[in-house]
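The lines below spell out each chain.
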Amino acid sequence: MEELDGEPTVTLIPGVNSKKKQMCFDWGPGEMLVCETSFNKKEKSETEPGCPFIYIIRKDIDVYSQILRKLFNESHGIFVGLQRIEEELTGKSRKAQLVRVSKNYRSVIRACMEEMHQVAIAAKDPVSGRQFSSQVSILSAMELIWNLCEILFIEVAPAGPLLLHLLDWVRLHVCEVDSLLADVLGSENPSKHESFWKLVTILVLQGRLDEARQMLSKEADASPSSAGMCRILGDLMRTMPVLSPGNTQTLTELELKWQHWHEECERHLQDSTFAASPHLESLCKIMLGDEAALLEQKELLNNWYHFLVTRLLYSHPTVKPIDLHLYAQSSLDLFLGGESSPEPLDNILLAAFEFDIHQVIKECSIALSNWWFVAHLTDLLDHCKLLQSHNLYFGSNMREFLLLEYASGLFAHHSLWQLGVDYFDYCPELGRVSLELHIERIPLSTEQKALKVLRICEQRQMTEQVRSICKILAMKAVRNNRLGSALSWSIRAKDAAFATLVSDRFLKDYCERGSFSDLDLIDNLGPAMMLSDRLTFLGKYREFHRFYGEKRLTDAASLLLSLMTSQIAPRSFWVILLIDALPLLEEKEVVFSAEQTYELMRCLEDFASRRPVWREPGVQRLQEDVENTKLEMLRLALARNLGRAIIKEGSLEGS
């Protein structure tokens, strides 16, 4: 895309004087941090108060509007639906479906506009009221542009039906006439109402000739002197050739009939048929497409595109789409008359009439405060195969670029980020990479939110992000001393190092309290216990306790011995394992065989030979004395068990 035509808008930060103070800033995906610094201060002796705040500047503030959030939420469903049905669409059904999608988008815009209008009326604060009214104007402009793009680019209306669509377009967006009509008709004598002729003129300007004729009949009834003129003008309105949707006549036939009708109107004007009534004469001139007469009604036309459509209706009813831009430009010039310059909306509509889609998108991107409009309109036009040739130099097409920008803005919001995920999903080139970058920055403030993020990552096989999120949650759980949750997350992350750390914490707690917490989790580790040696030890050691509790003493003895001989137990835990053997050695029945007892003796001596020797008296020395006592008891128990085991095994062999 081309560079911006104008300078970017300046954002003033309250309390910050960038002329006197050096500013520092840091960019984020959707916002920027700004603060003052003392860097490069020229007058060091001067002490003046600075700004103690750090400011967050967001580029997509519209996502924080409660009403616009409804726009984002509802349009998301339309967007996803369009992507899913795209493959099924062909031929005429495809075009009809795309038009239906476009109308759905417009209905969402209009619903939000009407709600915003009600909020603006109800606003008690004048400043808030002005802000809401401004937003209503923006939404109205968005629907106006979208509707025109729908007519020109999606429906692709040919000459004839094109004008009917443009008339509907104007009538939809110039709706003050309906309230005026109700007001006039509700009066006792409509033809004497102060706005009667204003109403009739507006109806003619909008091509609502049947309603204008009915109003003229009321004037004829109330004023016999003008009844004849009203009847003649009413007949001209009734006989004006119009190409109706169900009519089979060709454009050539329509042009011939229209030319004949036009000559008849001109004849009545030249014959001064309406000379006695300036209002009726003015209406006749309008129906002849007289530019001077039309420009006299500037106030009633409101804008140049209304002037354009009225001018086409009464001068060029069979205008071809290719010629629209010529009439649009001349209508704009005539309407403004050099008194003012075109507004951004005027430039956007002109670009649409010129069938310059890329210019429409560019102008909308500059003029509108968020990416919603251009992202969804571009996506729809891309489905109409109108943007296939326009690729950007940095690797993505226009549709994808705008969808990525819009989705990035959604990720700045605490809940709308979930919508952004689907937009990234439908960007085939850079969507996944962007999603990975943005999803890592979501603050995992609650476990429920973390589970949502995790589910999204798992559905898309984003292995690194899943591991990262699980690690973060495991760390939080450890800090809150929720060891069961921490172990669960570390297993889910497949993080052996962290699983080892949590297992050590479990073993430490056991040493201090004499029992395990979170037994359900440890009892059901299953294959997950193979993640790390320490986790395996934790699971097997708990299994030993379960065997002992169930009086499966032989299984408990074998498991305890394997834990000591396999070298997976931490060295600091050996003394506990050895002491755990004492109750089994003191059982009435021999539990450990002679061979197992020898193995236990070897483990005991191996442990004793590697123990540190405390030379200084103190708590450590006292602990060492206690351990020595326990080990001596263990040696005696092992010796007794060895004798009992040898006698038992010898008697068994003898028998």
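- The protein chain has the name Nuclear pore complex protein Nup85 in an unreviewed UniProt entry, where Callorhinus ursinus is given as its organism.
- On record in UniProt, under Subunit (unreviewed entry), the comment for the protein chain is "Component of the nuclear pore complex (NPC)."
- As recorded by UniProt, the Function (unreviewed entry) comment attached to the protein chain reads in full: "Functions as a component of the nuclear pore complex (NPC)."

## Focus on the overall build of the protein chain
Part 1: On a plain count of helices and strands, the protein chain comes out with 30 helices and three strands.
Part 2: Looking at the protein chain residue by residue over its 655 residues, the buried ones come to 46%.
Part 3: For the protein chain, long-range pairs separated by at least 24 residues make up 64% of all intrachain contacts whose partners lie at least 6 apart in sequence.
Part 4: Element-wise, carbon and sulfur atoms account for 53% of the exposed surface of the protein chain, whose accessible area totals about 34400 Å².

## Looking at the state of the cysteines
Part 1: Counting across every chain of the model gives zero disulfides.
Part 2: Take Cys-265: it sits in no disulfide, and the sulfur closest to it among the cysteines is that of Cys-284, at 5.4 Å.

## Re the environment of Gly-643
Part 1: As for its placement among the helices and strands, Gly-643 is situated in helix α30 (residues 619-654).
Part 2: The sequence separation of Gly-643 and Thr-597 amounts to 46 residues, and the corresponding C-alpha distance is 9.8 Å.

## Focus on the packing of aromatic side chains
Part 1: One pass over the structure, following the stated rule, counts 18 aromatic pairs.
Part 2: Relative to Tyr-426, the ring of Phe-79 has its centre 6.0 Å away and its plane inclined at 80 degrees; by these criteria the two rings are edge-to-face. Of the two residues, Phe-79 is situated in helix α1 (residues 66-85) and Tyr-426 in the loop between α19 (417-425) and α20 (431-439); the sequence distance between them amounts to 347 residues.
Part 3: In textbook terms, an aromatic cluster arises when at least three aromatic residues are bridged by ring pairs, as seen for Phe-72, Phe-79, Tyr-406, Tyr-423 and Tyr-426.
Part 4: Over the ring of Tyr-548 we find Lys-551; its NZ or CZ atom is 5.9 Å from the centre of that ring.

## Let's talk about the packing of α19 against helix α21 (residues 447-459)
Part 1: Between α19 and α21, the least distance of the axes is 12 Å, while the angle of their chain directions is 5 degrees. Overall, the two elements α19 and α21 adopt an arrangement that is roughly parallel. Residues Trp-417, Gln-418 and Val-421 of α19 form the contact with α21, whose own contacting residues are Lys-449, Lys-452, Val-453 and Ile-456.
Part 2: Grouping the amino acids of the contact of α19 with α21 by side-chain chemistry returns four nonpolar, one polar and two charged.

## Quick word on the confidence of the model for the protein chain
Part 1: Looking at the protein chain, the pLDDT average stands at 83 and 85% of residues meet or exceed 70.
Part 2: The secondary-structure element of the protein chain with the lowest mean pLDDT is strand β3 (residues 55-58), recorded at 59, while helix α15 (residues 344-353) shows the highest, at 95.

## Concerning unusual backbone geometry
Part 1: The backbone phi angle of Gln-461 is positive, close to 50 degrees, even though this residue is not glycine.
Part 2: Summarising the element assignment, Gln-461 is placed in the loop between α21 and α22 (463-479).
Part 3: By relative accessible area, Gln-461 is classed as exposed at 61%.
Part 4: With a phi close to 60 degrees, Asn-481 is a non-glycine residue in the positive phi region.
Part 5: The topology assignment puts Asn-481 in the loop between α22 and α23 (483-493).

Parameters and conventions
- Residues numbered from 1 in each chain as written.
- Predicted model: local features only at pLDDT ≥ 70, side-chain atom pairs only at ≥ 80, totals over all residues.
- Heavy atoms only, no water.
- UniProt positions renumbered as here; feature names shortened; annotations may be inferred.
- Helix = DSSP H or I, 4+ residues; strand = E, 2+ residues; numbered from the N terminus.
- Buried < 20%, exposed > 50% of the residue type's maximum accessible area, 1.4 Å probe, protein only.
- Contact = heavy atoms within 4.5 Å.
- Areas by Shrake-Rupley, 256 points an atom, 1.4 Å probe, with all protein chains shown as cover.
- Disulfide = S-S within 2.5 Å.
- Phe/Tyr/Trp six-rings, centres within 6.5 Å; stacked < 30°, edge-to-face > 60°.
- Lys NZ or Arg CZ within 6 Å of the ring centre and 35° of its normal.
- Axes fitted to C-alpha atoms, helices over the stretch in contact; angles between N-to-C directions.
- Parallel < 35°, antiparallel > 145°, perpendicular 65-115°, else oblique.
- Nonpolar A, V, L, I, M, F, W, Y, C, P; charged D, E, K, R; others polar.
- pLDDT = per-residue confidence, 0-100.

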